[in-house]
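# Chain and residue survey
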Amino acid sequence: MTLPAQRHGTDPGRELAEPGFWQQPPAHRLAAFARLRAAEGPVFVPEGSGPGHWALVRHAQVQEASRLPKVFASAPGVTTPEPARWVRALFGDSMVNLDGPDHAQLRKIVQRAFTPRLLAAAEADIHAVAARIVDDVLAERPDEFVSAVASRLPLEVICNMMGIPEHYRAEIADSVNHASENIGVERGLASRLRMPGRGLRALARMQRMVAGIGRERRKHPTDDLISALVRANVDGQALGARQLGAFFSLLMVAGVETTRNAITHGLTLLTDHPDQRDLLLSDFEKYADGAVDEMIRHSTPIIQFRRTVAAEHTMDGHVFRPGDKVVLYYASANRDEAVFPDPDAFVITRSPNPHLGFGGGGPHFCLGAHLARVEMKALFRELLTRPVGLRAVGLPDLAGSNFDNRVRSLKFDFERP
């Protein structure tokens, strides 16, 4: 059992609690996680405005916690800080913050809506959207990758799949940016007071918008996901307006942000590792799936999720008790030396590659994992196999978030005129 004295003195977890830690270069943060993985058991991380949490930093620890939802509960929230009660009451509980029968029922409704026909149409659309984006890039020659390429693909694909009318999409893109721009980012007092209101207003706009579309699709259904969600019949239930809004917000903020960040980090990785890029280009279909998974492992778009201990449990010699807070650090688990030889290397032929970029298994494994992989593969096929090659220029501008590996912008250029 970990001794309480570990919380004091040379507390190895204190660095993660420092406001400036997440603004440090990635190599600094990865080195800190490596030190934590070398500790005997889970490490305590103090929090200035909360009870602190236990850091799960090893691959096996994150997997174990992910697969024991009755012990490590997602409610009342997986983000840091946890959502306030009034926010949950106003906007409804997102699927990621639910456990047990409530989570299972909602997930079942959503899975029922993802019919084979809908998924086949979505995959066809992904290839068409990827080709159109690269056509535009070659014609217009922009120099900023996130806005011109990486953000466009998941946003357009999700809006097409959901059946969002074209005239709503610019507002949705703006709302997604406002809702997510400061998640996990250390800010000054004035910004902390101002930004939450803007983010919540953005979420409210999105939810009102999709609720109105949902009401229309109940009366006049089409072949889109909103129609399927509001008309799905699982044990006599479909998604209500608030559930639909919460799911749409999750899909837009999580689905767009994570995929765009993985794509952006992917271009940087291929630019920084020309040998791996050449190997990928030598036989794209052979190596693309491995390359996509290695991009996700190496960049780990979601850095961490929070859990609340619901039942006593022993892990690596430490006894967790009900009410304890733990954080699953996927960014550390994906560099665990016990699982990934030479973990900091970018190797597109890495096999096996049991990364936790989509979660550690269990009931909260990412519903969008397949579509995200298809999106990334389709886009990189277009980006890399056209006559004009693309490369990242300089370092990505990282947000410094403790929640996701977010890229604000990345300059890029063409290798040949």
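You'll find the structure just up there.
Residues numbered from 1 in each chain as written. Predicted model: local features only at pLDDT ≥ 70, side-chain atom pairs only at ≥ 80, totals over all residues. Heavy atoms only, no water.

Residues apart from glycine generally show negative phi values, whereas peptide bonds are mostly found in trans. Going from Ala75 to Pro76, the amide bond is cis rather than trans, its omega being 5°. The topology assignment puts Pro76 in the loop between strand 3 (72-73) and helix 4 (85-91). The peptide bond linking Ser351 to Pro352 adopts the cis configuration, its omega dihedral lying at 0°. Phi at Arg141 is positive, roughly 50°, even though this residue is not glycine. Checked against the element boundaries, Arg141 lands in the loop between helix 6 (116-140) and helix 7 (145-150). Here Arg141 falls in the partly exposed class, since its relative accessible area comes to 39%. Not every positive phi belongs to a glycine, and Thr300 is a case in point at roughly 45°. As for its placement among the helices and strands, Thr300 is situated in the loop between helix 14 (284-299) and strand 4 (304-309). With a relative accessible area of 3%, Thr300 lands in the buried category. (Helix = DSSP H or I, 4+ residues; strand = E, 2+ residues; numbered from the N terminus. Buried < 20%, exposed > 50% of the residue type's maximum accessible area, 1.4 Å probe, protein only.)

A word on the sheet that holds strand 3. Read across the open sheet, the five strands follow the order 1-2-7-4-3; overall the sheet is mixed. Looking at strand neighbours, the two that pair on one side only are strand 1 (43-45) and strand 3, the edges of this open sheet. Pairing of strand 4 with strand 7 (residues 325-329) involves five bridges; the strand directions are antiparallel. Counterpart to Arg307 in the pairing with strand 7 is Val326. (Pairing = 2+ DSSP bridges.)

Here we take up helix 16 (residues 369-385). Here helix 16 spans 24 Å end to end across 17 residues, near enough to the 24 Å set by a 1.5 Å rise per residue. Counting buried residues in helix 16 gives 13 out of 17 residues, a clear majority hidden from the surface. (Expected span 1.5 Å × (residues − 1).)

What follows concerns helix 14. Burial analysis of helix 14 places twelve of its 16 residues in the buried class, which makes it a mostly covered element. All of the buried residues along helix 14 are Phe284, Tyr287, Ala288, Ala291, Val292, Asp293, Glu294, Met295, Ile296, Arg297, His298 and Ser299. As for helix 14, its buried residues are in contact with helix 12 (241-272), helix 13 (274-282) and helix 16. (Contact = heavy atoms within 4.5 Å.)

A word on the environment of Asn160. Within the secondary structure, Asn160 sits in helix 8 (residues 152-162). Here Asn160 falls in the partly exposed class, since its relative accessible area comes to 28%. Spatially, the C-alpha atom of Asn160 lies 7.9 Å from that of Asp224, the residues being 64 residues apart in sequence. One polar contact links Asn160 to Asp125, side chain to side chain, over a distance of 2.9 Å. (Polar contact = N/O pair within 3.5 Å; in protein donor to acceptor, adjacent residues only side chain to side chain.)

Geometric descriptors of this kind do not, in isolation, establish any biological role.
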